[in-house]
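Remarks on the overall topology
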Protein chains: 2
Amino acid sequence: MKNIPYKFYLPEDKLPTAWYNLRADMPPIDPMIHPGTGAELRADDLKHIFADVLSEQEMDDKTPHIDIPGPVLDYYKSYRPSPLCRAYNLEKLLDTPAKIYYKFEGNNTSGSHKLNSAAAMAYYAKQQGLRGLATETGAGQWGTAMSMACAFFGLELKVFMVKISSQQKPYRKAIMETYGASVTPSPSDTTEVGRGFLAVNPDSAGSLGCAISEAIEFASGSEGYRYALGSMLNQVVLHQSVIGLEAKAAMDELGERPDIVIGCAGGGSNLGGLISGYMRDRLQGRAAPKFIAVEPQSCPSMTRGRYEYDFGDTGGITPLVKMYTLGCGYMPPAEHSGGLRYHGMSPIVSKLYHDGYLDEAVALPQSRVFDAAISFARVETILPAPESAHAICAAMDEAVRCRESGEAKTILFGLTGVGSFDMAAYSAYISGAMRDTLPTDSDIEAGFATIPKLNFSKY
Amino acid sequence: MKNIPYKFYLPEDKLPTAWYNLRADMPPIDPMIHPGTGAELRADDLKHIFADVLSEQEMDDKTPHIDIPGPVLDYYKSYRPSPLCRAYNLEKLLDTPAKIYYKFEGNNTSGSHKLNSAAAMAYYAKQQGLRGLATETGAGQWGTAMSMACAFFGLELKVFMVKISSQQKPYRKAIMETYGASVTPSPSDTTEVGRGFLAVNPDSAGSLGCAISEAIEFASGSEGYRYALGSMLNQVVLHQSVIGLEAKAAMDELGERPDIVIGCAGGGSNLGGLISGYMRDRLQGRAAPKFIAVEPQSCPSMTRGRYEYDFGDTGGITPLVKMYTLGCGYMPPAEHSGGLRYHGMSPIVSKLYHDGYLDEAVALPQSRVFDAAISFARVETILPAPESAHAICAAMDEAVRCRESGEAKTILFGLTGVGSFDMAAYSAYISGAMRDTLPTDSDIEAGFATIPKLNFSKY
């Protein structure tokens, strides 16, 4: 029996050197579809949006292992390996026989796992000779990650930041600018779609949907630019596989094997990455842990959504993808402050769940999530992002079940990031102002009302 | 020749298990003096202010190695070892033959090295059966560290936070409250000294001096409370020695030895900690690196201050200590935003500098410091605290000198923390609004004007 340290860092020479492509081993996901024509999309159809290699990766369901390019691997080494942590103090607090591990992705300036994919996107764009990338950001984590990666690889970056966020979080904007990004509050008068929004509502606070549309328009109209998106895409799940591969390699080094793997699920890219290492075992017919996805009760795409074709954005301009969705028009209740607001779920994760490879999805109320976050912070020292706290809460529930049953299960969960920029939500919880409001069935029905009625009988 | 990784983490079983007390090996520092009586202070005189063990540690100049108590060691393991980083990307940027290493202390929720001492203070207070601690905080890093440590060890914490900071940084206040601290903007009407300040100026923005006085008054008047201070004290330098011991142990593991060790210097606790490992060699007569302290030109205690007795606080209520000081009434120019604002310097560091054990002190203008910080952030990915960037800038200067001379020196500097909460200063720099204003000789003269004329002829 090895002596397990509090934090285990994989030696640099044992870091994964290839991403793992779940699609090579799983049943095929339904193709992306052009919303106007109903035609299946191919990689070439994406190359005016994404960098060439990224377009190919988006469609690749054949190649199981894709080498991480040398410069990306070197970039990873500036903040990876992320630690595999043994939650001794949490175990003690819960008085559980369970062994709790977490993979902590928050030890970098972006504060989350987003950097894993941002680095890959910036590298491939640079390699192709592009001048810059355009993207959108809400709270700012993805924009920060992209600005860090673009600064490193020598690319311009244009960020459309939801206007209300840029006003409420001026320091997030400042971080992006420190790394050289150009940040434009959205809606802006610099794009046609932005001007359209402003014409209707000059005081618009902005939305992620509008920012996405502006970023795509900017990229399309700017020589040498492409668009970058940090969640949901197949390419993002691919890049995030580094989390799960590292986690498995570290567990192997320690002689440990999880009985349960738990990840929070918004767009699904973190979850898809986290489970990659062990899901491969299941897809190839070997024994594997139980996989649990955790989502907010306010945005329950897997537990209450439909598995059908929908737009990837809220504005309805992207290709259609088959996924668990609440409808692209879905709006979480105003009280929801725990992150993971996306209406849909990664097509890869959706398919794994639909076909039973991903065992379970649970939805949690945010008051329980914040309560778990604070218990965790006080004993494990790390202040978690509310998103990550969904996984913490579910892991604590499992550990308490172990206390009750006497089983000494091994639990691994993903701690995707830190909560330093989510203090308004923590304050609301501490002051007692936070409420749990569940969407009604008609709230969810309403999310589908805005999807254009298209007729794709073959799907 | 070992293959040096980007980040090296000492294995947990090689973490230091004892702090190193520089005073055991260095010439004696002049005693602390009671400002009213002129009497030398002894440990017992401090026990109504600090926890008992901390009072003893403050005076201990005999014991070279003090065991880190088991619970503190376990707490350290929740965020330590901190990585020893090889700045490959910075070396490449500077095209230098120098090898640059940095010890990064920002990978914890407080964002800085402060937690190393906070953990010790909270533990000893709890062990003594105290109910709580009181402290002050300006920007919030120290208050955050104390709140984390008190939450863990089960102590109450009262934080007096400079009022203007609590208004400008509400989220720092929220983090402390999340960890269970009670935060009071200072000046407050809850203490006599606070009410005195408010009577003179009801709209006072507060100052660290006033917050210190309120915290001491609160601790004195509250059953089971003591006061905690995060910088300058001998006990803090002792606890921070873990940085330098870990750094040396990690360098030894890699088969490396620095030619130069560079630390930023505010109150001196980080610097004293960082140099501890190698300074022991010098104090015991063995070969040692060159030690360089870096301070802001706006607050140049070592390069332009006097080595004499002064108060530790700006209000003139603490014991008198012999140190490099700009006078306890010194105010840095209003344009100064780079941190390290303290008027004095740790008595230990002061003595080492005065006696020539610490080789050099350099003062840098903040524009150069922020320029270095941004260059560093873009290639090394970490956004540094402005304080830490002083050391970065000096290390880059040394590396450039190596490029010019062709010498392949090994440079080690301390990266004490992250800049996530210093974005106002970064924004000012990026927008071109930041200026360098040097204090005049009469500015420095003015700092001494408020020191009561005391007559201690024997010193």
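These remarks concern the structure in this document. Everything numeric in this text was worked out from a predicted model, so none of it was measured.

Section: unusual backbone geometry
For the bond from A:Arg80 to A:Pro81, the omega torsion is 0°, close enough to zero to count as cis. Position of A:Pro81 relative to the elements: it lies in the loop between helix 3 (70-77) and strand 4 (84-86). For the bond running from B:Ser186 to B:Pro187, omega is 5°, close enough to zero to count as cis. Here B:Pro187 shows up in the loop between strand 8 (182-186) and helix 9 (192-200). Positioned with a positive phi, A:Leu340 is a non-glycine residue whose angle comes to about 55°. Within the secondary structure, A:Leu340 sits in the loop between strand 13 (320-325) and helix 14 (347-354). When its relative accessible area of 12% is taken as the criterion, A:Leu340 is described as buried.

What about the sheet that holds strand 10 (residues 260-264) of chain A?
All names here are of chain A. The strand order across the open sheet formed by seven strands is 1-4-5-15-10-11-14, and the pairing between neighbours is mixed. Strands with a single pairing partner mark the edges of an open sheet, and in this sheet they are strand 1 (7-8) and strand 14 (360-364). As defined by bridge partners, strand 5 (residues 99-104) adjoins strand 15 (residues 410-415) across six bridges and the pair is classed as parallel. Directly across from Lys103, in strand 15, lies its bridge partner Gly414. Against the sheet, helix 15 (residues 366-380) contacts strand 4, strand 5, strand 14 and strand 15, and its axis sits at roughly 95° relative to strand 14.

Topic: the sheet that holds strand 1 (residues 7-8) of chain B
Residue and element names in this part refer to chain B. If you walk across this open sheet you meet the seven strands as 1-4-5-15-10-11-14, and the pairing is mixed. Each end of this open sheet is capped by a strand with a single partner; those strands are strand 1 and strand 14 (360-364). Sheet topology note: the strand 4 (residues 84-86)/strand 5 (residues 99-104) ladder contains three bridges and is antiparallel. Each residue of the ladder has a partner; that of Cys85, found in strand 5, is Tyr102. Against the sheet, helix 11 (residues 234-254) contacts strand 1, strand 4, strand 5 and strand 15 (410-415), and its axis sits at roughly 140° relative to strand 5.

Things to note about the interface of chain B and chain A
Counting from both sides, the interface comprises 39 residues of chain B and, opposite them, 39 residues of chain A. Counting the surface lost from both chain B and chain A, the interface buries some 3600 Å², and carbon and sulfur atoms represent 61% of this. Sorting the residues of chain B by area buried against chain A places B:Thr178, B:Arg378 and B:Thr381 first, and these three jointly supply 19% of that buried surface. Those elements that place two or more of their residues in the side of chain B that touches chain A are helix 3 (70-77), helix 6 (141-153), helix 8 (170-178), helix 15 (366-380) and helix 17 (423-430) of chain B.

Re the relation of the copies chain B and chain A
With an RMSD of 0.0 Å, the operation that places chain B on chain A is a rotation of 180° combined with a shift of 0.0 Å along the axis. One copy is carried onto the other by what is essentially a two-fold rotation axis. Residue B:Asn107, judged by its C-alpha, is the member of chain B lying nearest the rotation axis, at 3.0 Å. Mapped onto chain A, 100% of the interface residues of chain B are again interface residues, and the two copies thus contact each other with one and the same surface.

Some details on the packing of helix 3 of chain B against helix 5 (residues 115-127) of chain B
Residues and elements named next belong to chain B. Closest axis-to-axis distance for the helix 3/helix 5 pair is 10 Å, and the angle between their directions is 145°. Here helix 3 runs over helix 5; the crossing is right-handed. Between helix 3 and helix 5, the residues in contact are Pro71, Val72, Tyr75 and Tyr76 and Leu115, Asn116, Ala119, Ala120 and Tyr123, respectively. Of the residues assigned to the contact of helix 3 with helix 5, the class counts are eight nonpolar, one polar and no charged.

Structural notes on helix 16 (residues 386-405) of chain B
All names here are of chain B. Taking 1.5 Å per residue, 20 residues should reach 28 Å; helix 16 reaches 29 Å between its end C-alpha atoms and fits that length. Most of helix 16 is tucked away, with 14 of its 20 residues classed as buried. Gly406 sits one or two positions beyond helix 16 and adopts a positive phi of about 80°.

Regarding the pattern of salt bridges
Applying the stated rule across the entire model yields 52 salt bridges over all chains. Between A:Lys77 and A:Asp74 there is a salt bridge, with its nearest N and O atoms 3.9 Å apart. Taken together, the residues A:Lys77 and A:Asp74, both in helix 3 and three residues apart, mark about one turn of the helix. The exposure class of A:Lys77 is buried, given its relative accessible area of 16%. The class of A:Asp74 is partly exposed, set by a relative accessible area of 32%. The residue B:Glu407 makes a salt bridge to B:Lys409 at a minimum N-O spacing of 4.0 Å. Salt bridges here are not isolated pairs; linked through shared partners, they connect A:Arg80, A:Lys103, A:Glu105 and A:Glu246.

Description of the nonpolar core
With 143 residues, the main nonpolar core has A:Trp19, A:Leu358, B:Ile262 and B:Phe413 as its most contacted residues. Once residues within four sequence positions are removed from consideration, B:Ile262 is found in contact with B:Leu274, B:Ile292, B:Val294, B:Ala391, B:Ala394, B:Ala395, B:Glu398, B:Ile411, B:Leu412, B:Phe413 and B:Gly414. Counting residues in hydrophobic clusters, the runner-up holds 142 residues, among them B:Leu10, B:Tyr123, B:Ala145 and B:Met323.

Quick look at the environment of A:Thr37
Residue and element names in this part refer to chain A. Locating Thr37 in the fold gives a position in the loop between strand 2 (18-20) and helix 1 (43-46). In this structure, the C-alpha to C-alpha distance between Thr37 and Gly267, residues 230 residues apart in sequence, is 26 Å. Side-chain polar atoms of Thr37 contact the backbone nitrogen of Ala39, separated by 3.0 Å.

Reading the values: rules and limits
- Sequence positions are assigned chain by chain, starting from 1 and proceeding in written order.
- Lettering of chains starts at A and numbering of ligands starts at 1, both following the order in which they are written.
- Note on the predicted model: pLDDT of at least 70 is required for a residue's local features to be given, and 80 or more for side-chain atom pairs to be given and counted; whole-chain, interface and lining totals, by contrast, use all residues.
- As a rule here, side-chain values come from all non-hydrogen atoms in the structure, and water together with hydrogens is ignored.
- Strands here mean DSSP runs of E at least two residues long; helices mean DSSP runs of H or I at least four residues long; both are numbered from the N terminus.
- Only protein chains enter the accessibility calculation, which uses a 1.4 Å probe; a residue is then buried when its area is under 20% of its type maximum, exposed when over 50%, and partly exposed in between.
- Paired strands, as defined in this entry, are two strands with at least two bridges between them according to DSSP.
- Contacts were defined at the residue level, with two residues in contact if any of their heavy atoms lie within 4.5 Å.
- The angle between two axes is taken between their N-to-C directions and runs from 0 to 180 degrees, where each axis is a line fitted to C-alpha atoms and a helix contributes only its stretch in contact.
- Summed over both partners, the accessible area (1.4 Å probe) lost when two parts come together is defined as the buried area.
- Least squares is used to superpose the copies, and the fit set is the C-alpha atoms of residues whose pLDDT is at least 70 in both copies.
- Left-handed describes a crossing in which the near helix is turned anticlockwise from the far one by less than a right angle; the clockwise case is right-handed.
- Three residue categories are used. Nonpolar comprises Ala, Val, Leu, Ile, Met, Phe, Trp, Tyr, Cys and Pro, charged comprises Asp, Glu, Lys and Arg, and polar comprises the others, including Gly.
- To estimate how far a helix should extend, the number of its residues minus one is multiplied by 1.5 Å.
- A pair is scored as a salt bridge if a Lys or Arg side-chain nitrogen falls within 4 Å of a carboxyl oxygen belonging to Asp or Glu.
- To form a nonpolar core, buried Ala, Val, Leu, Ile, Met, Phe, Trp, Tyr and Cys residues must be joined to one another through side-chain atoms within 4.5 Å.
- Polar contacts, as used here, are pairs of N or O atoms within 3.5 Å; protein pairs need one atom able to donate a hydrogen and one able to accept it. Residues neighboring in sequence count only if both atoms are side-chain atoms.

None of this, on its own, says anything about what the molecule does.
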